[in-house]
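Summary of the model geometry
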Amino acid sequence: MEKRQMIYEGKAKKVYQTDNPDFLIIEYKDDATAFDGKKRGVIMNKGILNNKISAIFFELLEKNGIQTHFVKLLSEREMLVRSVKIIPIEVIVRNIVAGSLSKRLGLNEGTPLKRTVLEFCYKSDELGDPMINNYHALAMELASEEEIKEIEQMALRTNEILKDFLRTKNIVLVDFKLEFGRVDSQILLADEISPDTCRFWDSSTNEKLDKDRFRRDLGKVEEAYWEIYRRLSS
Ligand code: UDP
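This section reports on the structure supplied with the text. Counting from 1, residues in each chain are numbered in the order their sequence is written. Local features in this predicted model are restricted to residues of pLDDT 70 or higher, and side-chain atom pairs are both shown and tallied only at a pLDDT of 80 or more, whereas totals for entire chains, interfaces and linings draw on every residue. The side-chain numbers reported here are obtained from all heavy atoms of the structure, hydrogens and water having been left aside.

In this section: the packing of helix H1 (residues 46-63) against helix H4 (residues 145-167). Interaxial angle, 0 to 180 degrees, is taken between N-to-C directions of lines fitted to C-alpha atoms, where a helix line uses only the stretch in contact. Only DSSP runs of H or I covering at least 4 residues are called helices, and only runs of E covering at least 2 are called strands; the numbering of each starts at the N terminus. Relative orientation of the contacting elements H1 and H4 amounts to 115°, with a least axis distance of 10 Å. The hand of the H1/H4 crossing is right-handed. Side by side, H1 and H4 meet where Ile56, Phe57, Leu60 and Leu61 of the first sit next to Thr158, Ile161, Leu162, Phe165 and Leu166 of the second. Three classes are used, and their members are as follows: Ala, Val, Leu, Ile, Met, Phe, Trp, Tyr, Cys and Pro are nonpolar, Asp, Glu, Lys and Arg are charged, and the others, Gly among them, are polar. Considering only residue class, the contact of H1 with H4 consists of eight nonpolar, one polar and no charged. Here is the rule for handedness: rotate from the far helix to the near one, and if that takes an anticlockwise turn smaller than a right angle the crossing is left-handed, while a clockwise turn gives right-handed. The contact criterion used is simple: two residues touch if any of their non-hydrogen atoms lie within 4.5 Å.

Here Glu192 is to be found in the loop between strand E13 (186-190) and strand E14 (198-202). The exposure class assigned to Glu192 is buried, which follows from its relative accessible area of 3%. Identification of polar contacts relies on pairs of N or O atoms within 3.5 Å, with a donor-acceptor requirement for protein atoms, meaning one able to donate a hydrogen and the other able to accept it, and with residues adjacent in sequence counted only if both atoms are side-chain atoms. A polar contact of 2.6 Å, which involves the side chain of Glu192, links it to the side chain of Ser194. In this structure Glu192 touches Ala12, Lys13, Tyr28, Asn50, Ser54, Phe58, Lys177 and Thr197, once residues within four positions along its chain are discounted. Buried residues are those whose accessible area, probed at 1.4 Å on protein chains only, stays under 20% of the maximum for their type, while exposed residues exceed 50% and partly exposed ones sit between those limits.

Take the site of the ligand next. We call a residue near a molecule or strand when any one of its heavy atoms sits within 4 Å of it. As a matter of local geometry, the ligand sits amid 15 residues, with Arg94, Ser100, Asp175, Arg199 and Arg215 nearest to it. At 2.6 Å, a side-chain N or O of Asp175 approaches an oxygen atom of the ligand. Between the ligand and the protein, one listed contact pairs an oxygen atom with a backbone N or O atom of Thr197 at 3.5 Å. In isolation the ligand exposes 500 Å². Once the protein is present, 77% of that is buried. Looking at the shell around the ligand, the elements with two or more residues in it are strand E9 (89-96), helix H2 (99-105), strand E12 (171-183) and E14. Counted by class, the shell around the ligand contains four nonpolar, three polar and eight charged residues. Areas reported as accessible are Shrake-Rupley estimates using a 1.4 Å probe. Residue values count occlusion only from the protein chains shown.

We note that Asp129 has phi near 50°; this positive angle belongs to a residue other than glycine. Backbone geometry places Ser185, a non-glycine residue, at a positive phi of 55°. With respect to the helices and strands, the residue Ser185 is situated in the loop between E12 and E13. Taking relative accessible area as the criterion, Ser185 reaches 80% and is therefore assigned exposed.

This paragraph deals with helix H6 (residues 221-232). In a regular helix each residue adds 1.5 Å, so twelve residues correspond to 16 Å; H6 covers 17 Å between its end C-alpha atoms and thus fits that length. Next to the buried residues of H6 lie H1, H4, E12, E14 and helix H5 (212-215). The span expected for a helix works out to 1.5 Å for each residue beyond the first.

It is worth spelling out the pairing of strand E2 (residues 13-18) at this point. As defined by bridge partners, strand E1 (residues 3-9) adjoins E2 across four bridges and the pair is classed as antiparallel. Paired with Lys3 across the bridge in E2 is Thr18. Note: two strands are recorded as paired if DSSP finds a minimum of 2 bridges between them. Between E1 and E2, which follow one another and run antiparallel, lie three residues. Taken together, the five bridges between E2 and strand E3 (residues 23-28) define a ladder with antiparallel strand orientation. Bridge pairing in E3 places Lys14 opposite Glu27. Taking the residues between adjacent antiparallel strands as the criterion, E2 and E3 are bridged by four residues.

This part takes up the pattern of salt bridges. Criterion for a salt bridge: a side-chain nitrogen of Lys or Arg within 4 Å of a carboxyl oxygen of Asp or Glu. In total, this model carries 31 salt bridges according to the counting rule given. Between Lys13 and Asp191 there is a salt bridge, with the nearest N and O atoms lying 3.1 Å from each other. Of this pair, Lys13 sits in strand E2 while Asp191 sits in the loop between E13 and E14, placing them 178 residues apart in sequence. Accessibility classification places Lys13 together with Asp191 in one group, the buried group. We note a salt bridge from Arg77 to Asp30, for which the minimum N-O separation is 2.9 Å. Here the residue Arg77 occupies a position in the loop between strand E6 (70-73) and strand E7 (78-82), and Asp30 occupies one in the loop between E3 and strand E4 (31-34), the gap between them amounting to 47 residues. Judged by relative accessible area, Arg77 falls into the partly exposed class, the value being 24%. Shared partners join several salt bridges into a network, and the residues in it are Arg94, Arg104, Glu109, Glu119, Asp175, Arg199, Lys208, Asp212, Arg215 and Arg216.

Below is the structure:
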């Protein structure tokens, strides 16, 4: 597949057209941002690691019946994906209290949730991705009722598959963010699944192995991304 012009550049990825309109190439960058872009930096080799880590997760999910946009890895930083129309809802799945939930509800970080929590945010940089509920999503026609049901089911199933797999790697899946896309009336899991978009804690020590090391200036940021890749690929 031939790489054509860049059609989008985001905070962590560039997206290119190919000679086939049904497929796109995603190139993962080392740039890191947090707090709505107010904090910026570079995490050396993050692009390479997130590309490979996302590929491992997408392949695992496909094997377990979740349809994703992933087709194959093309190079260290590039993957081939199906072209989808991204649904502007960020789906957050939580198993343990952390980050914004801890602040919002006054619960200590690390408190296990009695059941999985799903949250929707309206994907809008301008508005800072405000949290919405199903009623907002329907009223704004971001997705249909059937699509929302399917997205919720796919997100919960994804959580179970990832949690079980990560447990075998001595990693706790605290929370994560998913994005979905449409193609020919089908919903596919899209975007990325990486330490940029998930919270991963070491099962034995609770050490953070994700972007919180960057957000909170905890040091050893690159090392954490490497460690996740090392465990997933071993
Ligand atoms: N997350 C993300 N992109 C966002 C917001 C959140 O990937 O724009 C991920 C984040 O890494 C964490 C989970 O979603 O794994 C829950 O994030 P939270 O709502 O606690 O927000 P945060 O405190 O990370 O900003």
